[in-house]
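# Report on the structure
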Amino acid sequence: MTIPMDPMGVAFRAGDETALTTAMERHRRELHVHCYRMLGSFDDAEDAVQETFVRAWRAHAEFDGGPHVRAWLYRIATNTCLDAIRRNKRRATQLGSFAEVPWLSPYPDRMLDLVAPPEDEPQAVLVARETVELAYIAVIQLLPARQRAVLLLRDVLQWPASETAAALEITVAAANSALQRARATLREQLPDRDAPRRSDLSTDERALLMRFIAAHESGDVHEAVSLMRDDIRVTMPPYPYLYEGVAAVSELIRTGTGAAGPEMWILRPTAANRMPAAASYLCEPGESRARLFKFDVLRIVGGRIAEITTFGPELAEQFGVPSQL
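The following paragraphs examine the structure supplied in this document.

Definitions and cut-offs
- Residues numbered from 1 in each chain as written.
- Predicted model: local features only at pLDDT ≥ 70, side-chain atom pairs only at ≥ 80, totals over all residues.
- Heavy atoms only, no water.
- Helix = DSSP H or I, 4+ residues; strand = E, 2+ residues; numbered from the N terminus.
- Expected span 1.5 Å × (residues − 1).
- Buried < 20%, exposed > 50% of the residue type's maximum accessible area, 1.4 Å probe, protein only.
- Pairing = 2+ DSSP bridges.
- Axes fitted to C-alpha atoms, helices over the stretch in contact; angles between N-to-C directions.
- Parallel < 35°, antiparallel > 145°, perpendicular 65-115°, else oblique.
- Left-handed = near helix turned anticlockwise from the far one by under 90°.
- Contact = heavy atoms within 4.5 Å.
- Nonpolar A, V, L, I, M, F, W, Y, C, P; charged D, E, K, R; others polar.
- Phe/Tyr/Trp six-rings, centres within 6.5 Å; stacked < 30°, edge-to-face > 60°.
- Lys NZ or Arg CZ within 6 Å of the ring centre and 35° of its normal.
- Arc of directions from axis to C-beta.
- Polar contact = N/O pair within 3.5 Å; in protein donor to acceptor, adjacent residues only side chain to side chain.
- Salt bridge = Lys/Arg side-chain N within 4 Å of Asp/Glu carboxyl O.

### Digging into helix H3 (residues 69-88)
In this model H3 runs 28 Å from its N-terminal to its C-terminal C-alpha over 20 residues, within 8% of the 28 Å that 1.5 Å per residue would give. Lys 89, located one to two residues past H3, shows a positive phi value of around 55°.

As structure tokens, then:
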């Protein structure tokens, strides 16, 4: 097995700045997704892609061109992320909940959909749900940086062991060993990950999201609770808050939806990490506008909400929603 040739790389030769610019722009979004998986943060991934392109510009005169420019860019991006991890010293040491990964952020589906498919597979879904769900992103933050890189290159990008080892400047034996350890961690942390999933939201997931929205807009705590599993969990990265169980979460909803006060909430459906999500706008008493307050990303299991991960409004532009209504 070898890395597929990149049609955009055929005309790329050392010193060809126009071809390099074309290649970088074509692969920008998929490189961003790769860096997001490595780093767990949308903004950190943006910084890593920019650094990747700077390094590519510096090195392009030495690149021998040909059909593998995509692999070359991935190699630079992966090593850029490894440098960032070493510099920031970020690695989750345990994972009882997402609260232990404070740098975790969502990835809007509308941005995932911008990843360009191969020219010979125009309908291909390049960002499968199981490789971008919040649980997967959080769990791989447990892995040492090199294991994380090997896992993504081998199991997500489907690179052969030899190419993975070359990209990371390690032996094939070391790459295979790292992959085995990484897969063992995933099996331990995500035992149901191999269950088949669709990449788009199902009709049932969309319907449950709309019920979630209606319950929160009306302040109907009873209806909101009826949508949840008994072991519901709510976290709010980067804050260390953790709410577990219906009793704790129902009280959170009661005080947070306006059921206990005069505030008004307006929610709009969206999606992140191939999961249903809601953008929540808060209208304070006496105000004529509602401001974007948060995004809630829902994990649904067995037709009920198993987890809600709440994020701030910083990615409004990326989600394609207004900051005010």
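### Digging into the pairing of strand S4 (residues 275-283)
Across the nine residues that make up S4, a large majority, nine, are buried. Side chains Met 275, Ala 277, Ala 279, Tyr 281 and Cys 283 of S4 all project onto a buried face; the interleaved residues Pro 276, Ala 278, Ser 280 and Leu 282 project onto the opposite face, where all are buried too. Direction of pairing for strand S3 (residues 264-272) relative to S4: antiparallel, over a ladder of nine bridges. The residue of S4 that forms the bridge with Leu 267 is Ser 280. Connecting S3 to the antiparallel partner S4 that follows it, the hairpin turn spans two residues, and Asn 273 within it adopts a positive phi of roughly 55°.

### Side note on the packing of helix H6 (residues 145-156) against helix H7 (residues 161-168)
Contact geometry for H6 and H7: axes closest at 10 Å, N-to-C directions at 140°. As judged from the angle between their axes, H6 and H7 are oblique. Note on packing geometry: the crossing formed by H6 with H7 is right-handed. On the side of H6, the interface is formed by Arg 146, Ala 149, Val 150, Leu 153 and Arg 154, while H7 contributes Ala 161, Thr 164, Ala 167 and Leu 168. In terms of residue class, the contact of H6 with H7 is made up of six nonpolar, one polar and two charged.

### Thoughts on the packing of aromatic side chains
According to the stated counting rule, one finds six aromatic pairs in the structure shown. Their ring planes at 15° and their centres at 4.0 Å tell us that Phe 295 and Phe 319 sit as a pair that is stacked. In this pair, Phe 295 is assigned in strand S5 (residues 291-301) and Phe 319 in helix H12 (residues 316-319), connecting sequence segments 24 residues apart. Each of the two residues, Phe 295 as well as Phe 319, counts as buried. Three or more aromatic residues joined by ring pairs form one cluster here, namely Tyr 36, Phe 42 and Tyr 107. In this arrangement the basic side chain of Lys 294 is found over the ring face of Trp 265, its NZ or CZ atom lying 5.5 Å from the centre.

### Section: the sheet that holds strand S1 (residues 228-235)
One open sheet holds the six strands; their spatial order is S2-S1-S6-S5-S4-S3, and the pairing between them is mixed. The open sheet has two free edges, formed respectively by strand S2 (242-244) and S3, since each of these has just one partner strand. In this sheet, adjacent strand axes meet at a mean angle of 20° when their direction is disregarded. In the sheet, S1 pairs with strand S6 (residues 304-311) via four bridges, with the strands oriented parallel. Across the sheet, Arg 233 pairs through a bridge with Glu 307, a residue of S6. On top of the sheet, helix H9 (residues 203-218) reaches S3, S4, S5 and S6; it is set at about 160° to S3, its chief contact.

### So, helix H8 (residues 172-189)
Over its 18 residues, H8 runs 26 Å from end to end, which matches the ideal 26 Å to within 8%, given 1.5 Å per residue. Every buried residue of H8 is listed here: Ala 175, Ala 178, Leu 179, Ala 182 and Leu 186. The buried residues of H8 all sit within an arc of 105° when viewed along its axis, so they share a single face. The outward face of H8, more than 90 degrees from its buried face, is lined by the exposed residues Ala 173, Gln 180, Arg 187 and Glu 188. Where H8 is buried, its residues contact helix H5 (134-140), H6 and H7.

### As for the side chain of Thr 52
Along the chain, Thr 52 turns up in helix H2 (residues 42-59). Setting aside residues up to four positions removed in sequence, Thr 52 forms contacts with Leu 73, Ile 76, Ala 77 and Thr 80.

### Description of the pairing of S5
Pairing geometry for S4 and S5, over six bridges, is antiparallel. What sits directly across from Ala 279, in S5, is Phe 295. As judged from the seven bridges shared by S5 and S6, these two strands associate in the antiparallel manner. Within the sheet, the bridge partner assigned to Phe 295 lies in S6 and is Phe 311. Between S5 and S6, which pair antiparallel in sequence order, lie two residues; one of them, Gly 302, sits at a positive phi of approximately 60°.

### Quick word on the environment of Asp 231
Within the secondary structure, Asp 231 sits in strand S1. Here Arg 229 takes part through its side chain, which lies 3.0 Å from a polar atom of the side chain of Asp 231.

### Here we look at the pattern of salt bridges
Under the criterion given, the structure shown has 17 salt bridges. Its salt-bridge partner being Glu 25, residue Arg 28 comes within 2.8 Å of it at the nearest N-O pair. With Arg 28 and Glu 25 both in helix H1 (residues 17-39) and three residues apart, the pair spans about one turn of that helix. Note on Arg 28: relative accessible area 22%, which makes it partly exposed. The class of Glu 25 is partly exposed, set by a relative accessible area of 46%. Across the pair Glu 284 and Arg 291 runs a salt bridge whose closest N-O atoms are separated by 3.8 Å. Under the relative-accessibility criterion, Arg 291 is labelled partly exposed at 38%. Put simply, Glu 51, Arg 55, Asp 83 and Arg 86 are held in one network by salt bridges that share partners.

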